[in-house]
Amino acid sequence: MSQPPDIFSYRKHWAHKLGTAPELPMSRAEMDLLGWDACDVVILTGDAYVDHPSFGMAIIGRLLEAQGFRVGIIAQPDWTSADDFRRLGRPTLCFGITAGNMDSMVNRYTADRRLRSDDAYTPDGAPNRRPDRAVTVYAQRAREAFKGVPIVLGGIEASLRRLAHYDHWSEQVRRSVLIDAKADLLIYGNAERALVELVHRLARGEPIEQIRDLRGTAFVTRGRPPGWHEIDARALERVAPLESGQCEIAPTDGPKTSGHRPERARTLVRLPSFEQVRKDPLLYAHASRILHLETNPGNARALVQAHGDRDVWINPPPLPLTTAELDRVFELPYARRPHSAYGAARIPAWEMIRFSVNIMRGCFGGCTFCSITEHEGRIIQNRSEDSILREIAEIRDRTAGFTGTISDLGGPTANMWRLGCKDARIESSCRRLSCVYPQICRNLDTNHGPLIQLYRRARALPGIKRVLIASGLRYDLAVRSPEYVRELATHHVGGYLKIAPEHTEPGPLSKMMKPGIGTYDRFKTLFDRYSREAGKEQYLIPYFIAAHPGTSDEDMLNLALWLKRNDFRPDQVQGFLPTPMAIASAMYHTGRNPLKRITRDSEHVSVVRKQRQRRLHKAFLRYHDPQNWPLLREALRAMGRADLIGNGKRHLVPSFQPAGTGATPEGQRRPPRERLVQTLTPGPPGPARRGRARRPPRS
Ligand code: SF4
């Protein structure tokens, strides 16, 4: 991989002379105060505008401002007409459109498709401030407001819907969002590199339809440009015809390869078309597998998928930012608070992160239910120690209400900072989906020394009383470094440490690409020992997923028995939510396992679809809740395990029913609070943030 230009090395646009805005304008009046007659870029976002590097619109806005462009923000516009989309006037270069830090459907609905009653990214948590499928709706309104202005999509919703994808809420395979939104370009993953180059080129007068060479972008096109070699995706894995009459893909039509290898950078992989994957689950599973195998920026090829007579073309993923670049992105002149237009309103997502620091991006875990890899990539992008310490000092000195406790030093996975492949050459040719599953790769550097050093320096800063670690940590990595576990348990746990084994049984764990529960036990032994040695009474809080593909009723029963044995009574349940593009979602939709080569005879995966069975799986997690006892008793009898019903210690469910419990009509029962699992990645680029009122662990 040749290193691209530093994103801060471009010649600044003329408007840099107008200086830095104290906060990016959300109204014409603010633009007037700044002396702007127009914005160069207007960002439309489904979230409230918080000028902080945990929020995508702020990163993108401040980054483009640093390049000399005038950037305005229209946050949570009224989408019922185009009026609100005209608020800042016609942008000179483009609209940048994002649903916000979450997919709008994940934001608005539970896994059981119930409308959520609040929205953490909205002032005072108010619901209904964004439409369903926000990216598509905003793009339509923006086009209506100002015809001819280029429309660029970004953020997690656009990123994870860049190809034909299974949509849980409509229970169908939907087209690429590029087609529905009629957008000119889509930027996926961390957007900085592509966006900076794109906007400079637009400013130089290059038409957007000619900008086709940027990594991390996707667009709609017709026909293959000259000089490209095309491979049928089935040929990559020698997939036999899946079902007779179902594969209609033309054979490879590129030049014959005997005698020479076609240049990889000029090779495209043609996936089964939208029409094919919509009709045929096997082809969907196959396309999902190929997509995930083509995510390493070191060796990924362009992907193409026909939608009717047009192609959706996905360029290879962006190259990771260097540490120096990432440091500058995080140290742009953010106001580090919500826009002043919100007054005293509280924005829960901001409350959650305002005393925390994001130290990295990316994750090499590869958990199949999580989309972080598809969005941020498998290569960890690290901030420098000094940059992180400077941000802690900023929080201490500038954030109102700071009392000396940093609530998190984390990221997608707390303990992957500075970890990665030992050899850049091997890394660039690697095609594994995870560096830690099924075993930790021997090429992975698992040295936690730098992270320990970072923790020590952070808590030694004047004015810092405590530094907590709240992001999920990968405990199979942590057990390789007992010294790290000691450091963690001694100094960085606030009584409870949340970690996520996700299950106890090998069946579902193998479909999640998670380590066995034995690793959790080893971590617990270390954690308990070091907590004792530190004289601290503190506990692990494990999280589990119900109804994940590959989970049987027996698996959930065994998990419930494990919980009872270990005296855990979860107060939250997490039902599997098939988010767009995750591998587990492909399992859910197709009943096949894309972790292995897909053929007509390839592995079937059991899937929990029916509401009753989903409720049962969640009920096993809350076996102690009397509301669940009638359902559990019925299931245990059907499973031939009536021996587990009774009032002794060895029983799972009592035989009696407390008065006033368990009789609520099913449809009226208030469900227990659900944990959100989607990786909440701000906007086009951005740090991974997850959870609602508190960020849950993932790894
Ligand atoms: S070789 Fe191993 S450590 Fe390196 S990228 Fe591949 S899986 Fe990860």
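The following paragraphs examine the structure supplied in this document.

Each value, and the rule that gives it
Residues numbered from 1 in each chain as written. Predicted model: local features only at pLDDT ≥ 70, side-chain atom pairs only at ≥ 80, totals over all residues. Heavy atoms only, no water. Buried < 20%, exposed > 50% of the residue type's maximum accessible area, 1.4 Å probe, protein only. Helix = DSSP H or I, 4+ residues; strand = E, 2+ residues; numbered from the N terminus. Pairing = 2+ DSSP bridges. Contact = heavy atoms within 4.5 Å.

**Brief notes about the pairing of strand β1 (residues 41–45)**
Logical step 1: Counting buried positions over the five residues of β1 gives five, a clear majority of the element.
Logical step 2: Of the two faces of β1, the one carrying V41, I43 and T45 and the one carrying V42 and L44 are both buried.
Logical step 3: Note that β1 and strand β4 (residues 94–98) share five bridges and pair parallel. Looking at β4, one finds that V42 is bridged to F95.
Logical step 4: As paired strands, β1 and strand β3 (residues 71–75) are joined by five bridges and run parallel to one another. Residue pairing in the sheet places L44 in a bridge with I74 of β3.

**Remarks on the pairing of strand β9 (residues 217–221)**
Along any regular strand, the residues point their side chains to alternate faces of the sheet.
Logical step 1: For β9, the tally of buried residues reaches four of five residues, placing the bulk of the element in the interior.
Logical step 2: Here strand β8 (residues 185–187) runs beside β9; their pairing, made up of two bridges, is antiparallel. In the strand pairing of β9, L186 is matched with A218.
Logical step 3: As paired strands, β9 and strand β13 (residues 310–314) are joined by four bridges and run antiparallel to one another.

**Observations concerning the side chain of S176**
Logical step 1: Mapped onto the elements, S176 comes out in the loop between β7 (172–174) and α6 (177–181).
Logical step 2: Take S176: its relative accessible area is 0%, and that puts it in the buried class.
Logical step 3: S176 has contacts with R161, R162, L163, A164, H307 and V312, leaving out every residue within four places of it along the chain.

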